[in-house]
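Structure at a glance
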Amino acid sequence: SFCFFMKQKLLFAGMAAIAALTSCSNDEALEINKGHAIGFRTAMASRATETTTANLEGFFVTAFNESTNPYFADLEFKKGTGDLFESDTKYYYPGDARPLTFYAYAPSKTALGGTMTITQDEQKLEGFEPKANISAQVDFIAEVAKGDATNDGANGAYLEFSHCLSQIEVKAKSGNTSYDFEVKGVRIGCVGSKGDFTFPTFSDEGTEEPGTWTLTENLKASYDKTLDAAVKLSTDAVSLMAGDNAMLIPQQLIAWDTDEQQNAGKGAYIAVLVKITTKSGAQVYPFASDPTDANAGYAWAAIPVSTLWEAGKKYVYTLNFTTGAGYVDPTEDYMPGVPILVGEIKFNVTVDDWTEETAGNDIDMPNHSGEDYNPDENDTEDPFGD
(Lines give C-alpha, C1' and ligand atoms only; values in the text may rest on other atoms or scores of the structure.)
Protein backbone atom coordinates (compact mmCIF):
# COMPACT_ATOMS: atom_id res chain seq x y z
CA SER A 1 0.00 0.00 0.00
CA PHE A 2 2.89 2.31 0.71
CA CYS A 3 4.30 1.63 -2.71
CA PHE A 4 0.91 2.31 -4.24
CA PHE A 5 0.65 5.55 -2.32
CA MET A 6 4.12 6.64 -3.47
CA LYS A 7 3.29 5.76 -7.08
CA GLN A 8 0.16 7.91 -6.89
CA LYS A 9 2.14 10.77 -5.33
CA LEU A 10 4.79 10.62 -8.04
CA LEU A 11 2.12 10.41 -10.73
CA PHE A 12 0.29 13.47 -9.41
CA ALA A 13 3.60 15.35 -9.07
CA GLY A 14 4.47 14.52 -12.68
CA MET A 15 1.05 15.63 -13.87
CA ALA A 16 1.39 18.89 -11.92
CA ALA A 17 4.77 19.53 -13.53
CA ILE A 18 3.34 18.92 -16.97
CA ALA A 19 0.42 21.23 -16.18
CA ALA A 20 2.84 23.90 -15.02
CA LEU A 21 4.85 23.63 -18.26
CA THR A 22 1.67 23.79 -20.33
CA SER A 23 0.53 26.87 -18.43
CA CYS A 24 3.82 28.64 -19.12
CA SER A 25 3.65 27.98 -22.86
CA ASN A 26 0.12 29.40 -23.04
CA ASP A 27 0.68 32.52 -20.95
CA GLU A 28 4.01 33.79 -22.32
CA ALA A 29 4.33 35.38 -25.84
CA LEU A 30 6.91 33.78 -28.07
CA GLU A 31 9.55 36.31 -29.17
CA ILE A 32 10.03 35.58 -32.87
CA ASN A 33 12.20 38.53 -33.94
CA LYS A 34 14.31 41.01 -32.06
CA GLY A 35 14.90 43.13 -35.21
CA HIS A 36 12.86 45.79 -37.02
CA ALA A 37 9.55 45.21 -38.78
CA ILE A 38 9.56 45.65 -42.57
CA GLY A 39 9.36 49.36 -43.43
CA PHE A 40 10.17 51.63 -46.36
CA ARG A 41 11.89 54.89 -47.24
CA THR A 42 10.54 56.73 -50.30
CA ALA A 43 11.44 59.22 -53.00
CA MET A 44 9.82 60.44 -56.21
CA ALA A 45 11.67 59.87 -59.45
CA SER A 46 10.26 62.35 -61.98
CA ARG A 47 9.14 65.88 -62.70
CA ALA A 48 5.40 65.71 -62.12
CA THR A 49 4.49 67.37 -58.85
CA GLU A 50 1.05 66.27 -57.69
CA THR A 51 2.42 63.51 -55.44
CA THR A 52 5.72 64.29 -53.76
CA THR A 53 7.96 62.73 -51.16
CA ALA A 54 6.72 65.41 -48.76
CA ASN A 55 2.97 64.89 -49.26
CA LEU A 56 2.89 61.10 -49.70
CA GLU A 57 0.95 59.70 -46.75
CA GLY A 58 0.77 56.02 -47.65
CA PHE A 59 0.91 53.27 -50.25
CA PHE A 60 0.18 49.56 -50.71
CA VAL A 61 2.68 46.71 -51.05
CA THR A 62 2.56 43.06 -52.12
CA ALA A 63 5.70 41.05 -51.30
CA PHE A 64 7.10 37.74 -52.55
CA ASN A 65 9.92 35.46 -51.57
CA GLU A 66 10.55 32.35 -53.66
CA SER A 67 7.10 30.95 -52.88
CA THR A 68 4.27 31.29 -55.36
CA ASN A 69 2.08 32.63 -52.55
CA PRO A 70 2.63 36.25 -51.51
CA TYR A 71 4.58 36.96 -48.31
CA PHE A 72 1.84 39.55 -47.77
CA ALA A 73 -0.64 41.18 -50.17
CA ASP A 74 -1.94 44.76 -50.54
CA LEU A 75 -0.61 45.73 -47.15
CA GLU A 76 -0.92 49.43 -46.42
CA PHE A 77 2.18 51.28 -45.23
CA LYS A 78 1.60 54.70 -43.66
CA LYS A 79 3.94 57.52 -42.80
CA GLY A 80 5.43 56.93 -39.38
CA THR A 81 8.47 58.17 -37.54
CA GLY A 82 10.78 60.39 -39.58
CA ASP A 83 10.94 59.24 -43.19
CA LEU A 84 9.92 55.66 -42.44
CA PHE A 85 6.64 54.14 -43.67
CA GLU A 86 5.27 51.35 -41.47
CA SER A 87 2.31 48.94 -41.46
CA ASP A 88 -0.13 48.36 -38.62
CA THR A 89 0.26 44.61 -39.10
CA LYS A 90 3.95 43.86 -38.66
CA TYR A 91 5.94 41.55 -40.92
CA TYR A 92 9.62 40.64 -40.61
CA TYR A 93 12.28 39.51 -43.05
CA PRO A 94 12.88 35.75 -43.17
CA GLY A 95 15.98 34.58 -41.35
CA ASP A 96 17.55 32.84 -44.36
CA ALA A 97 18.86 36.24 -45.62
CA ARG A 98 17.16 35.87 -49.01
CA PRO A 99 15.62 39.12 -50.28
CA LEU A 100 11.95 39.87 -50.71
CA THR A 101 10.58 41.46 -53.87
CA PHE A 102 8.14 44.32 -53.27
CA TYR A 103 5.52 45.68 -55.67
CA ALA A 104 4.26 49.03 -54.36
CA TYR A 105 1.65 51.47 -55.62
CA ALA A 106 -0.62 54.36 -54.61
CA PRO A 107 -3.39 55.32 -54.29
CA SER A 108 -5.62 52.39 -53.31
CA LYS A 109 -7.20 49.94 -55.74
CA THR A 110 -10.57 51.54 -55.03
CA ALA A 111 -9.30 55.03 -55.87
CA LEU A 112 -7.61 53.82 -59.06
CA GLY A 113 -10.43 51.68 -60.41
CA GLY A 114 -9.80 48.93 -62.93
CA THR A 115 -8.55 45.49 -61.85
CA MET A 116 -5.30 45.12 -59.92
CA THR A 117 -3.54 41.74 -60.20
CA ILE A 118 -0.22 41.14 -58.44
CA THR A 119 1.08 37.57 -58.47
CA GLN A 120 4.54 36.05 -58.68
CA ASP A 121 4.17 35.87 -62.48
CA GLU A 122 2.04 38.92 -63.34
CA GLN A 123 1.73 42.44 -61.98
CA LYS A 124 -0.89 44.51 -63.79
CA LEU A 125 -3.54 47.18 -63.46
CA GLU A 126 -6.08 46.40 -66.18
CA GLY A 127 -8.90 48.56 -67.48
CA PHE A 128 -7.68 51.80 -65.90
CA GLU A 129 -9.68 54.89 -66.90
CA PRO A 130 -8.94 58.44 -65.68
CA LYS A 131 -11.94 60.08 -64.02
CA ALA A 132 -14.03 62.18 -66.43
CA ASN A 133 -13.76 65.20 -64.12
CA ILE A 134 -10.18 66.51 -64.16
CA SER A 135 -10.49 67.62 -60.52
CA ALA A 136 -11.18 63.99 -59.50
CA GLN A 137 -8.20 62.45 -61.32
CA VAL A 138 -5.44 60.81 -59.28
CA ASP A 139 -1.66 60.62 -59.57
CA PHE A 140 -0.87 56.90 -59.97
CA ILE A 141 2.62 55.95 -58.72
CA ALA A 142 4.30 52.52 -58.66
CA GLU A 143 7.64 50.86 -58.01
CA VAL A 144 9.37 47.48 -57.70
CA ALA A 145 12.19 46.92 -55.20
CA LYS A 146 14.08 44.26 -53.31
CA GLY A 147 14.89 44.26 -49.61
CA ASP A 148 16.58 42.07 -47.02
CA ALA A 149 17.15 42.17 -43.29
CA THR A 150 20.87 42.96 -43.48
CA ASN A 151 20.58 46.04 -45.68
CA ASP A 152 17.05 47.26 -44.99
CA GLY A 153 15.91 45.93 -41.63
CA ALA A 154 16.93 48.99 -39.65
CA ASN A 155 16.44 51.89 -42.09
CA GLY A 156 13.68 50.50 -44.30
CA ALA A 157 13.79 49.29 -47.90
CA TYR A 158 14.19 52.11 -50.41
CA LEU A 159 11.33 52.82 -52.84
CA GLU A 160 11.91 55.36 -55.61
CA PHE A 161 8.38 55.76 -56.94
CA SER A 162 7.73 56.72 -60.55
CA HIS A 163 4.68 58.58 -61.84
CA CYS A 164 2.81 56.25 -64.17
CA LEU A 165 0.68 58.92 -65.86
CA SER A 166 1.32 62.13 -67.81
CA GLN A 167 0.47 65.43 -66.18
CA ILE A 168 -1.18 68.09 -68.38
CA GLU A 169 -1.52 71.80 -67.65
CA VAL A 170 -3.09 74.36 -70.01
CA LYS A 171 -2.27 78.05 -69.85
CA ALA A 172 -3.35 80.97 -72.05
CA LYS A 173 -2.29 84.52 -72.83
CA SER A 174 -2.96 87.33 -75.29
CA GLY A 175 -1.13 90.46 -76.33
CA ASN A 176 -3.90 91.36 -78.79
CA THR A 177 -4.80 95.06 -78.68
CA SER A 178 -7.98 94.64 -80.73
CA TYR A 179 -9.86 91.88 -78.87
CA ASP A 180 -10.67 90.84 -75.32
CA PHE A 181 -10.63 87.12 -74.45
CA GLU A 182 -12.46 85.81 -71.38
CA VAL A 183 -11.90 82.11 -70.62
CA LYS A 184 -14.27 80.04 -68.47
CA GLY A 185 -12.97 76.49 -68.97
CA VAL A 186 -10.50 74.10 -70.59
CA ARG A 187 -10.89 70.82 -72.50
CA ILE A 188 -8.42 68.09 -73.45
CA GLY A 189 -10.24 66.53 -76.36
CA CYS A 190 -10.29 63.05 -77.92
CA VAL A 191 -7.39 61.25 -76.22
CA GLY A 192 -6.98 57.57 -75.35
CA SER A 193 -9.06 56.97 -72.24
CA LYS A 194 -8.52 53.35 -71.14
CA GLY A 195 -5.51 51.10 -70.84
CA ASP A 196 -3.59 48.36 -69.03
CA PHE A 197 -0.47 49.07 -66.98
CA THR A 198 2.28 46.51 -66.43
CA PHE A 199 4.34 47.16 -63.29
CA PRO A 200 8.08 47.76 -63.35
CA THR A 201 10.05 44.50 -63.15
CA PHE A 202 13.58 43.23 -62.76
CA SER A 203 15.27 41.87 -65.86
CA ASP A 204 17.27 38.64 -65.90
CA GLU A 205 20.37 40.79 -65.42
CA GLY A 206 18.84 42.34 -62.32
CA THR A 207 18.26 45.80 -63.76
CA GLU A 208 14.92 47.49 -63.28
CA GLU A 209 12.65 47.73 -66.31
CA PRO A 210 10.09 50.60 -66.29
CA GLY A 211 6.35 50.05 -66.32
CA THR A 212 4.51 50.07 -69.64
CA TRP A 213 1.04 50.97 -70.94
CA THR A 214 -1.16 49.30 -73.54
CA LEU A 215 -4.06 51.47 -74.70
CA THR A 216 -7.50 50.08 -75.42
CA GLU A 217 -7.80 50.58 -79.17
CA ASN A 218 -10.20 53.22 -80.54
CA LEU A 219 -11.54 54.19 -77.11
CA LYS A 220 -11.23 57.94 -76.58
CA ALA A 221 -12.71 60.61 -74.34
CA SER A 222 -12.53 64.33 -73.61
CA TYR A 223 -11.74 65.81 -70.20
CA ASP A 224 -13.13 69.18 -69.12
CA LYS A 225 -12.44 71.68 -66.36
CA THR A 226 -14.83 74.60 -65.77
CA LEU A 227 -13.61 77.64 -63.82
CA ASP A 228 -15.66 79.29 -61.10
CA ALA A 229 -14.96 82.70 -62.62
CA ALA A 230 -13.86 83.76 -66.10
CA VAL A 231 -10.22 84.75 -66.63
CA LYS A 232 -9.51 87.77 -68.84
CA LEU A 233 -6.33 87.08 -70.78
CA SER A 234 -3.34 89.42 -70.74
CA THR A 235 0.26 89.23 -71.92
CA ASP A 236 1.17 87.10 -68.87
CA ALA A 237 0.27 83.43 -69.29
CA VAL A 238 -2.21 82.21 -66.67
CA SER A 239 -3.09 78.61 -65.76
CA LEU A 240 -6.63 77.52 -66.59
CA MET A 241 -6.55 74.45 -64.30
CA ALA A 242 -7.40 76.08 -60.94
CA GLY A 243 -4.77 73.89 -59.28
CA ASP A 244 -6.09 70.62 -60.74
CA ASN A 245 -3.81 69.49 -63.55
CA ALA A 246 -5.00 66.54 -65.64
CA MET A 247 -3.51 63.07 -65.02
CA LEU A 248 -3.90 61.05 -68.22
CA ILE A 249 -2.59 57.85 -69.80
CA PRO A 250 0.75 58.22 -71.65
CA GLN A 251 0.29 57.98 -75.43
CA GLN A 252 1.12 59.39 -78.85
CA LEU A 253 -1.57 61.94 -79.72
CA ILE A 254 -2.87 61.99 -83.29
CA ALA A 255 -3.96 65.56 -84.06
CA TRP A 256 -7.45 66.53 -85.16
CA ASP A 257 -7.53 67.13 -88.91
CA THR A 258 -9.49 70.38 -89.13
CA ASP A 259 -10.56 69.49 -92.69
CA GLU A 260 -12.76 66.94 -90.91
CA GLN A 261 -14.79 69.67 -89.28
CA GLN A 262 -16.73 67.33 -86.97
CA ASN A 263 -13.61 65.26 -86.19
CA ALA A 264 -14.75 61.94 -87.62
CA GLY A 265 -11.23 60.59 -87.08
CA LYS A 266 -11.31 61.48 -83.36
CA GLY A 267 -8.09 63.46 -83.46
CA ALA A 268 -6.69 65.13 -80.34
CA TYR A 269 -7.06 68.81 -79.55
CA ILE A 270 -7.05 71.33 -76.72
CA ALA A 271 -9.91 73.78 -76.36
CA VAL A 272 -10.95 76.67 -74.12
CA LEU A 273 -14.43 77.88 -73.27
CA VAL A 274 -14.12 81.49 -74.36
CA LYS A 275 -15.98 84.71 -75.07
CA ILE A 276 -14.34 87.08 -77.58
CA THR A 277 -15.29 90.73 -78.01
CA THR A 278 -13.69 93.68 -79.74
CA LYS A 279 -12.23 96.42 -77.57
CA SER A 280 -15.31 98.49 -78.37
CA GLY A 281 -17.54 95.67 -77.07
CA ALA A 282 -18.80 94.04 -80.28
CA GLN A 283 -19.54 90.28 -79.97
CA VAL A 284 -17.14 88.13 -82.01
CA TYR A 285 -17.42 84.62 -80.52
CA PRO A 286 -19.74 82.88 -79.97
CA PHE A 287 -20.67 84.11 -83.42
CA ALA A 288 -23.37 86.77 -83.29
CA SER A 289 -25.09 84.86 -86.09
CA ASP A 290 -25.45 81.76 -83.90
CA PRO A 291 -29.21 81.39 -83.42
CA THR A 292 -28.72 79.38 -80.22
CA ASP A 293 -26.37 81.77 -78.45
CA ALA A 294 -26.50 85.12 -80.20
CA ASN A 295 -24.70 88.01 -78.53
CA ALA A 296 -24.09 86.23 -75.18
CA GLY A 297 -22.34 83.35 -73.41
CA TYR A 298 -19.26 81.28 -74.19
CA ALA A 299 -18.28 78.68 -76.79
CA TRP A 300 -15.38 76.25 -77.23
CA ALA A 301 -12.37 77.30 -79.34
CA ALA A 302 -9.96 74.47 -80.24
CA ILE A 303 -6.47 73.81 -81.61
CA PRO A 304 -5.09 70.39 -82.76
CA VAL A 305 -2.20 68.78 -80.81
CA SER A 306 0.07 65.82 -81.66
CA THR A 307 2.36 65.47 -78.63
CA LEU A 308 3.97 62.25 -77.43
CA TRP A 309 2.97 61.98 -73.77
CA GLU A 310 5.41 59.97 -71.66
CA ALA A 311 4.94 58.63 -68.14
CA GLY A 312 6.30 60.85 -65.39
CA LYS A 313 6.48 63.98 -67.54
CA LYS A 314 4.52 67.20 -67.19
CA TYR A 315 3.32 68.97 -70.34
CA VAL A 316 2.41 72.66 -70.18
CA TYR A 317 0.49 73.99 -73.19
CA THR A 318 0.36 77.80 -73.48
CA LEU A 319 -2.31 78.97 -75.94
CA ASN A 320 -1.36 82.37 -77.39
CA PHE A 321 -4.35 84.36 -78.66
CA THR A 322 -2.30 87.36 -79.78
CA THR A 323 -2.75 86.69 -83.51
CA GLY A 324 -5.67 84.25 -83.70
CA ALA A 325 -8.32 82.21 -81.89
CA GLY A 326 -8.21 78.68 -83.33
CA TYR A 327 -11.21 76.76 -84.64
CA VAL A 328 -14.76 76.17 -83.50
CA ASP A 329 -14.67 73.02 -81.36
CA PRO A 330 -15.82 69.99 -83.42
CA THR A 331 -18.51 69.24 -80.82
CA GLU A 332 -20.19 72.64 -81.20
CA ASP A 333 -23.55 72.56 -82.98
CA TYR A 334 -22.97 75.78 -84.92
CA MET A 335 -20.29 75.78 -87.62
CA PRO A 336 -17.89 73.17 -86.09
CA GLY A 337 -14.33 73.27 -87.38
CA VAL A 338 -14.60 76.76 -88.85
CA PRO A 339 -11.74 79.21 -88.12
CA ILE A 340 -12.93 81.77 -85.58
CA LEU A 341 -10.90 84.70 -86.89
CA VAL A 342 -10.36 84.51 -90.63
CA GLY A 343 -7.68 86.75 -92.10
CA GLU A 344 -6.49 90.09 -90.83
CA ILE A 345 -8.72 93.00 -91.79
CA LYS A 346 -6.67 95.25 -94.09
CA PHE A 347 -7.18 97.21 -97.29
CA ASN A 348 -5.65 97.45 -100.75
CA VAL A 349 -6.15 101.10 -101.68
CA THR A 350 -6.21 103.05 -104.95
CA VAL A 351 -7.34 106.66 -105.41
CA ASP A 352 -9.07 107.62 -108.66
CA ASP A 353 -7.28 110.17 -110.88
CA TRP A 354 -8.87 113.59 -111.10
CA THR A 355 -11.12 114.09 -114.15
CA GLU A 356 -10.86 117.68 -115.49
CA GLU A 357 -14.17 119.31 -116.38
CA THR A 358 -13.67 122.44 -118.62
CA ALA A 359 -17.05 123.08 -120.24
CA GLY A 360 -18.41 126.54 -119.22
CA ASN A 361 -15.54 127.22 -116.90
CA ASP A 362 -13.72 129.94 -119.02
CA ILE A 363 -14.36 133.28 -117.27
CA ASP A 364 -13.22 136.71 -118.64
CA MET A 365 -11.97 139.01 -115.90
CA PRO A 366 -13.48 142.61 -116.04
CA ASN A 367 -11.43 145.79 -116.81
CA HIS A 368 -12.26 149.09 -115.02
CA SER A 369 -11.86 152.46 -116.80
CA GLY A 370 -10.14 154.03 -113.82
CA GLU A 371 -12.44 157.09 -113.60
CA ASP A 372 -13.23 158.16 -110.04
CA TYR A 373 -11.40 155.07 -108.76
CA ASN A 374 -11.38 155.27 -105.02
CA PRO A 375 -11.19 151.63 -103.72
CA ASP A 376 -11.41 152.44 -99.99
CA GLU A 377 -13.48 155.58 -100.49
CA ASN A 378 -11.03 157.65 -98.43
CA ASP A 379 -8.23 158.41 -100.84
CA THR A 380 -8.05 162.14 -101.79
CA GLU A 381 -4.50 162.24 -103.08
CA ASP A 382 -2.84 160.67 -106.04
CA PRO A 383 -0.34 158.17 -104.58
CA PHE A 384 1.81 158.54 -107.66
CA GLY A 385 1.86 162.31 -107.71
CA ASP A 386 4.53 164.67 -106.54
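Residues numbered from 1 in each chain as written. Predicted model: local features only at pLDDT ≥ 70, side-chain atom pairs only at ≥ 80, totals over all residues. Heavy atoms only, no water.

**Focus: the overall build of the protein chain**
- Along the protein chain, the regular secondary structure elements total three helices and 25 strands.
- When the 386 residues of the protein chain are sorted by exposure, 35% land in the buried category.
- Expressed as a percentage of contacts within the protein chain between residues at least 6 apart in sequence, the contacts between residues at least 24 apart total 73%.
- Of the accessible surface of the protein chain, which amounts to about 23200 Å², a share of 49% is contributed by carbon and sulfur atoms. (Helix = DSSP H or I, 4+ residues; strand = E, 2+ residues; numbered from the N terminus. Buried < 20%, exposed > 50% of the residue type's maximum accessible area, 1.4 Å probe, protein only. Contact = heavy atoms within 4.5 Å. Areas by Shrake-Rupley, 256 points an atom, 1.4 Å probe, with all protein chains shown as cover.)

**A short note on the pairing of strand β8 (residues 141-147)**
- β8 sits mainly inside the fold: six of its seven residues count as buried.
- Relative to β8, strand β5 (residues 100-106) runs antiparallel, the two sharing seven bridges. Counterpart to Leu 100 in the pairing with β8 is Gly 147.
- Sheet analysis places β8 next to strand β9 (residues 157-163), joined by two bridges and oriented antiparallel. Along β9, the bridge assignment pairs Ala 142 with Ser 162. (Pairing = 2+ DSSP bridges.)

**A short note on the pattern of salt bridges**
- For the structure shown, the criterion picks out ten salt bridges.
- Note that Lys 109 is salt-bridged to Asp 74, the shortest N-O span being 3.1 Å. Here the residue Lys 109 occupies a position in helix α2 (residues 109-112), and Asp 74 occupies one in strand β3 (residues 72-79), the gap between them amounting to 35 residues.
- Take Lys 109: its relative accessible area is 37%, and that puts it in the partly exposed class.
- Owing to a relative accessible area of 29%, Asp 74 belongs among the partly exposed residues under this scheme.
- In the salt-bridge network here, residues are joined through shared partners; they are Asp 180, Lys 232 and Lys 279. (Salt bridge = Lys/Arg side-chain N within 4 Å of Asp/Glu carboxyl O.)

**So, the confidence of the model for the protein chain**
- Chain-level pLDDT for the protein chain is 85 on average; 81% of the residues reach the 70-or-more range.
- Contacts from residues 1-34, a stretch scored under 50 in pLDDT, to residues over four places away or in other chains number two contacts.
- This model gives residues 45-49 a pLDDT under 50, and the stretch forms twelve contacts once residues within four places in sequence are excluded. (pLDDT = per-residue confidence, 0-100.)

**So, a nonpolar patch on the surface**
- A cluster of nonpolar side chains, namely Ile 345, Phe 347, Val 349 and Val 351, defines an oily patch on the protein surface of about 550 Å² accessible area.
- Counting through the fold element by element, Val 349 comes out in the segment after β25 (327-328). (Patch = residues over 30% accessible without salt bridge, like charges linked within 9 Å, V, L, I, M, F, W, Y side chains within 5 Å.)

**Quick notes on the packing of aromatic side chains**
- Applying the stated criterion across every chain, the model contains 23 aromatic pairs.
- Here Trp 256 and Tyr 327 contribute two aromatic rings whose centre-to-centre distance is 6.1 Å and whose plane-to-plane angle is 75°, an arrangement assigned as edge-to-face. Taken together, the residues span a long stretch of sequence, with Trp 256 in the loop between β19 (251-252) and β20 (269-278) and Tyr 327 in strand β25 at a distance of 71 residues.
- Looking at Trp 256, the relative accessible area reads 3%, which means it is buried. (Phe/Tyr/Trp six-rings, centres within 6.5 Å; stacked < 30°, edge-to-face > 60°.)

**A look at the environment of Glu 143**
- Positionally, Glu 143 belongs in strand β8.
- Residue classification places Glu 143 among the buried positions, given a relative accessible area of 5%.
- Through-space distance from the C-alpha of Glu 143 to that of Gly 211 is 8.4 Å; in sequence the pair is 68 residues apart.
- For Glu 143, the contacting residues outside a window of four places in its chain are Phe 102, Tyr 103, Ala 104, Leu 159, Glu 160, Phe 161, Pro 200 and Glu 208.

**Thoughts on the side chain of Asp 152**
- Within the secondary structure layout, Asp 152 lies in helix α3 (residues 149-152).
- Note on Asp 152: relative accessible area 10%, which makes it buried.
- Once residues within four sequence positions are removed from consideration, Asp 152 is found in contact with Tyr 93, Lys 146, Gly 147 and Ala 157.

**A word on the sheet that holds strand β12 (residues 195-198)**
- Spatial ordering of the open sheet is given by β6-β7-β12-β15, a layout of four strands whose pairing is antiparallel. Looking along the sheet, the strands with just one partner apiece sit at the ends: β6 (115-118) and β15 (212-215). With direction set aside, neighbouring strand axes in the sheet form an average angle of 15°.
- Relative to β12, strand β7 (residues 123-128) is paired through three bridges, and the arrangement is antiparallel. By the bridge assignment, Lys 124 is partnered in β12 with Thr 198. (Axes fitted to C-alpha atoms, helices over the stretch in contact; angles between N-to-C directions.)

**With respect to the nonpolar core**
- By size, the foremost hydrophobic cluster in this structure holds 36 residues, and its most contacted members are Tyr 285 and Trp 309.
- At the level of secondary structure, the elements contributing two or more residues to this core comprise β10 (166-173), β11 (179-192), β18 (246-248), β20, β21 (283-285), β22 (299-304) and β24 (314-320).
- In terms of residues, this core owes the most to one element, β11, which gives five residues.
- Setting aside chain neighbours within four positions, we find Trp 309 in contact with Ser 166, Ile 168, Ile 188, Val 191, Leu 248, Ile 249, Pro 250, Gln 251, Leu 253, Tyr 315 and Tyr 317.
- Listed in part, the 19 residues of the second largest apolar core include Leu 112, Phe 128, Phe 197 and Trp 213. (Core = buried A, V, L, I, M, F, W, Y, C linked by side-chain atoms within 4.5 Å.)

**With respect to unusual backbone geometry**
- The omega torsion of the bond from Ala 106 to Pro 107 falls at 0°, within 30 degrees of zero and hence cis.
- As for its placement among the helices and strands, Pro 107 is situated in the loop between β5 and α2.
- Cis geometry marks the peptide bond from Tyr 285 to Pro 286, where omega comes out at 5°.
- Position of Pro 286 among the secondary structure elements: in the loop between β21 and β22.
- Its identity is not glycine, yet Asn 218 carries a phi of approximately 65°, on the positive side.
- By secondary structure assignment, the location of Asn 218 is in the loop between β15 and β16 (220-232).
- The class for Asn 218 is exposed, based on a relative accessible area of 65%.
- For Ala 242, which is not glycine, the phi torsion reads 50° and is therefore positive.
- Here Ala 242 shows up in the loop between β17 (238-239) and β18.

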